[in-house]
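Structural overview
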Amino acid sequence: MSLHVAPINGTHIHYAQTGPKDGPVLVFSNSLGTDLRIWDDVVAGLSDRFNIVTYDKRGHGLSGIGDAPYDVSLHANDLIGLLDHLGLDQVIICGLSVGGLIAQKVIAEQPKRIRGLILCDTASKLGDYDGWNSRIEAIKADGIEVLGDAIMERWLSPDFRANRPLETAMYRDMLVRTTADGYIGTCVALRDGDLRDAAGKISVPTLCVCGSVDLATPLDVVRAMADMIPNATFELIDGVGHLPCIETPEQLTRLIDRFTKENNLV
Ligand SMILES: O=C(O)CC1=CCC(=O)O1
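Conventions we followed
Residues numbered from 1 in each chain as written. Predicted model: local features only at pLDDT ≥ 70, side-chain atom pairs only at ≥ 80, totals over all residues. Heavy atoms only, no water. Helix = DSSP H or I, 4+ residues; strand = E, 2+ residues; numbered from the N terminus. Expected span 1.5 Å × (residues − 1). Buried < 20%, exposed > 50% of the residue type's maximum accessible area, 1.4 Å probe, protein only. UniProt positions renumbered as here; feature names shortened; annotations may be inferred. Phe/Tyr/Trp six-rings, centres within 6.5 Å; stacked < 30°, edge-to-face > 60°. Near = heavy atom within 4 Å. Polar contact = N/O pair within 3.5 Å; in protein donor to acceptor, adjacent residues only side chain to side chain. Areas by Shrake-Rupley, 256 points an atom, 1.4 Å probe, with all protein chains shown as cover. Pairing = 2+ DSSP bridges. Axes fitted to C-alpha atoms, helices over the stretch in contact; angles between N-to-C directions. Contact = heavy atoms within 4.5 Å.

**Some remarks on helix α3 (residues 98–109)**
Here α3 is twelve residues long and its end C-alpha atoms lie 17 Å apart, about the 16 Å a rise of 1.5 Å per residue gives. With ten of twelve residues buried, α3 lies mostly within the body of the structure. Residues of α3 that are buried: Val98, Gly99, Gly100, Leu101, Ile102, Ala103, Gln104, Lys105, Val106 and Ile107.

Written out as structure tokens, the structure reads:
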């Protein structure tokens, strides 16, 4: 995959596209503090049949920061702008954590454009106001670095951290190299974002996935979201934390494969 960039809503959005251009479109939207590389192993398992788009939301990876802080609408409008830029009309979105919130906002704004949703380790409202404010204040005072170890405990299972220390260090670097403005900007979007009223209106096939040891969006939170969405199924991935695309990409790939086949999306 080579580097691509698009001018979107006053900043630049870095994206990658792979797979057959006439295949069903599958777009991946990232979690807080990560960039598009977290999807690499999932993309490798699906790119023979899907036209796949990954991107860095503003303030993350190689995308511009723009005017921070953000709200969920702006992140969703960036994704809509990227789809417009690429001329993609009918898409499936797989959103992880805040990426799942963004996906829910996109379908609320443009329901006819979305064929299916995969909502991975996410909710319609993530965390609480005071929790996000504490994180924002800690980063303003001391930088993201001070939270690096604590956030790895939220992202990755104890097994992964014990058995794959080098990769854990690498993902920690991905996190702490995120700009403070971009990271805090998205924390504000998470703090203020609430799509619980919209969940009941989602009418496309939806797969909700959660790692069984996810500390950031625990399984009861993800299951509660699934219960609010009329056409949703819920799948638990055993022994995995907040980022199944990193810990067990083959299992997530299998779930996406089965879901898209069973719902005639591929
Ligand atoms: O950093 C975390 O706590 C995990 C997380 C919450 C929202 C998101 O996108 O990632």
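Okay, back to it.
**So, the UniProt feature "domain: AB hydrolase-1" (unreviewed entry) in the chain**
The positions that UniProt labels "domain: AB hydrolase-1" (unreviewed entry) are, in the present scheme, residues 24–248. Annotated as 47% helix and 16% strand, the span residues 24–248 places its first and last C-alpha atoms 23 Å apart.

**Digging into the packing of aromatic side chains**
Overall, the coordinates contain one aromatic pair when judged by the stated rule. Judged by centre distance (4.6 Å) and plane angle (40°), the ring pair of Phe28 and Trp39 falls under tilted. Of this pair, Phe28 sits in strand β3 (residues 25–29) while Trp39 sits in the loop between β3 and α1 (40–46), placing them eleven residues apart in sequence.

**Thoughts on the site of the ligand**
Every one of the 14 residues lining the ligand counts as a neighbour, but Leu32, Ser97, Val98, Arg135 and Arg154 are closest to it. At a separation of 2.7 Å, an oxygen atom of the ligand approaches a polar side-chain atom of Arg135. Between an oxygen atom of the ligand and a side-chain N or O atom of Arg154, the distance comes to 2.6 Å. Protein contacts shield 99% of the accessible area of the ligand, which totals 290 Å² for the unbound molecule.

**Some remarks on the sheet that holds β3**
One key point about sheets: their strands pair by backbone hydrogen bonds, in either a parallel or an antiparallel sense. Read across the open sheet, the eight strands follow the order β1-β2-β4-β3-β5-β6-β7-β8; overall the sheet is mixed. The open sheet has two edge strands, β1 (4–8) and β8 (232–237), and neither has a second partner. Averaged over all neighbouring strand pairs, the angle between strand axes comes to 25°, with direction disregarded. In this sheet, strand β4 (residues 51–55) lies alongside strand β2 (residues 11–18) in antiparallel orientation, the contact comprising four bridges. Residue pairing for β4: Thr18 is matched across the bridge by Ile52. Sheet strands touched by helix α12 (residues 249–262): β3, β5 (91–96), β6 (114–120), β7 (206–211) and β8. Its angle to β7, the strand with the most contacts, is close to 165°.

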